[in-house]
Amino acid sequence: MGELVRLEVEGGVGTIRLDRPKMNAISVQVQDELVEVAREATARDDVKAVVVYGGERVFAAGNDVKEMADMSHVDMVKRSRPLQDAVTAVAAIPKPVVAAVTGYALGGGCELALAADVRFAAEDAVLGQPEVLLGIIPGAGGTQRLARLVGPSKAKDIIFTGRFVKADEALAIGMVDRVVPAAEVYEQAVAWARQFAGAATYAVRAAKESIDAGLEVDLATGLEIERQQFAALFATHDREAGMRSFVDQGPGKAVFEGR
């Protein structure tokens, strides 16, 4: 377990918890610990879905500018890959991932939220990619994931200006998927994640991998990815159990074992 990032597991749900007061600034240490925790969440069979959470006050206010201020070009050439890898590790978890966004999710914090499959935000949450105001651009996936999520023109408006996006606008443009009272964000994110505790693990994984990989290729290639994933599931016990249960008992009564 890391000092600033930890994995808490209960009822099939793993919470990746950022804990670097006051604003969960994403330092080099946080980046490295995110990679380790994401790998742990991937490897653990008792984790069926993941919540990314920064606590009641703030999700993550951004990468640690104080650390970056004195970095040279050579320094950042070395560090930029691990910077991206920290967020990519969360995006690559082969299980459903939901970001529970409270307070601010700015810069690197916003990029971390974008790496989740879905985002639940507090009514008073604020998101944004203000890097341009520091003379840089998002460097951990913001230019790529935001454009894929909300479209290039909206992403350009947000990134070019560095402006903040309040929760209601974020919901309207698809930057977040649900807006709830601040006190309910984590609870609702966990409830969403918990529905996968008894799901067909490899079917959910195949669905996520098919969608994510398919977004990066042409339609014909995406269909081939889907076809191979679909056929592969016929080698799983859960596919057999699910279809047998459907034939014998009707839909929705299958008990899956995750194998």
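Residues numbered from 1 in each chain as written. Predicted model: local features only at pLDDT ≥ 70, side-chain atom pairs only at ≥ 80, totals over all residues. Heavy atoms only, no water.

Draft legend 1. Layout of the nonpolar core. Membership of the largest hydrophobic core comes to 65 residues, with the highest contact counts inside it found for Ile-16, Leu-34, Val-51, Phe-59 and Met-175. Once you skip the residues sitting within four places of it in the chain, Met-175 turns out to touch Cys-110, Arg-119, Leu-127, Gly-128, Leu-146, Leu-149, Val-150, Ile-158, Val-165 and Ala-170. (Core = buried A, V, L, I, M, F, W, Y, C linked by side-chain atoms within 4.5 Å. Buried < 20%, exposed > 50% of the residue type's maximum accessible area, 1.4 Å probe, protein only. Contact = heavy atoms within 4.5 Å.)

Draft legend 2. Molecular detail of the pattern of salt bridges. Taken as a whole and assessed by the stated rule, the structure comprises 16 salt bridges. Among the ionic pairs, Arg-79 bridges to Asp-32, the shortest N-O distance being 2.9 Å. In this pair, Arg-79 sits in helix α3 (residues 73-91) while Asp-32 sits in helix α1 (residues 28-43), placing the two residues 47 residues apart along the sequence. Relative accessible area serves as the criterion here: at 37%, Asp-32 is assigned to the partly exposed category. (Salt bridge = Lys/Arg side-chain N within 4 Å of Asp/Glu carboxyl O. Helix = DSSP H or I, 4+ residues; strand = E, 2+ residues; numbered from the N terminus.)

Draft legend 3. Region of the structure containing the sheet that holds strand β1 (residues 5-10). Read from one edge of the open sheet, six strands run β1-β2-β3-β4-β6-β9, paired in mixed fashion. Edge positions in the sheet fall to β1 and β9 (178-180), since each of these pairs with one other strand and no more. Neighbour to neighbour, the strand axes of the sheet diverge by 20° on average, direction disregarded. Bridge count between strand β2 (residues 13-18) and strand β3 (residues 49-53): five bridges; the pairing is parallel. Paired with Val-13 across the two strands is Ala-49, which belongs to β3. In the packing of α1 onto the sheet, the strands contacted are β1, β2 and β3, and the crossing angle to β1 comes to about 25°. Across the sheet, helix α8 (residues 185-194) touches β2, β3, β4 (97-101), β6 (118-122) and β9, and the angle it forms with β4 is around 170°. (Pairing = 2+ DSSP bridges. Axes fitted to C-alpha atoms, helices over the stretch in contact; angles between N-to-C directions.)

Draft legend 4. Structural view of helix α6 (residues 152-161). Those residues of α6 that sit buried are Ala-155, Ile-158 and Ile-159. Taken down its axis, α6 places every buried residue within 90° of arc, on the same side. Pointing more than 90 degrees away from the buried face of α6 are the exposed residues Ser-153 and Phe-160. Here the buried face of α6 lies against α5 (142-150), β8 (164-166) and α7 (167-173). (Arc of directions from axis to C-beta.)

Draft legend 5. Structural view of the packing of aromatic side chains. Under the defined criterion, the tally for this structure stands at five aromatic pairs. With centroids separated by 4.4 Å and ring planes inclined at 25°, the aromatic side chains of Tyr-53 and Tyr-186 adopt a geometry described as stacked. Here Tyr-186 lies in helix α8 and Tyr-53 lies in strand β3, a separation of 133 residues in the sequence. We classify Tyr-186 as partly exposed; its relative accessible area is 28%. With a centroid separation of 6.4 Å and 75° between ring planes, the pair formed by Phe-120 and Trp-192 is classed as edge-to-face. Placement of Phe-120 in strand β6 and of Trp-192 in helix α8 is noted, with a sequence separation of 72 residues between them. With relative accessibility at 2%, the residue Phe-120 sits in the buried group. Put simply, the rings of Phe-120, Trp-192 and Phe-196 touch in pairs and so form one group of aromatic residues. (Phe/Tyr/Trp six-rings, centres within 6.5 Å; stacked < 30°, edge-to-face > 60°.)

On their own, these measurements won't tell you what the molecule is for.
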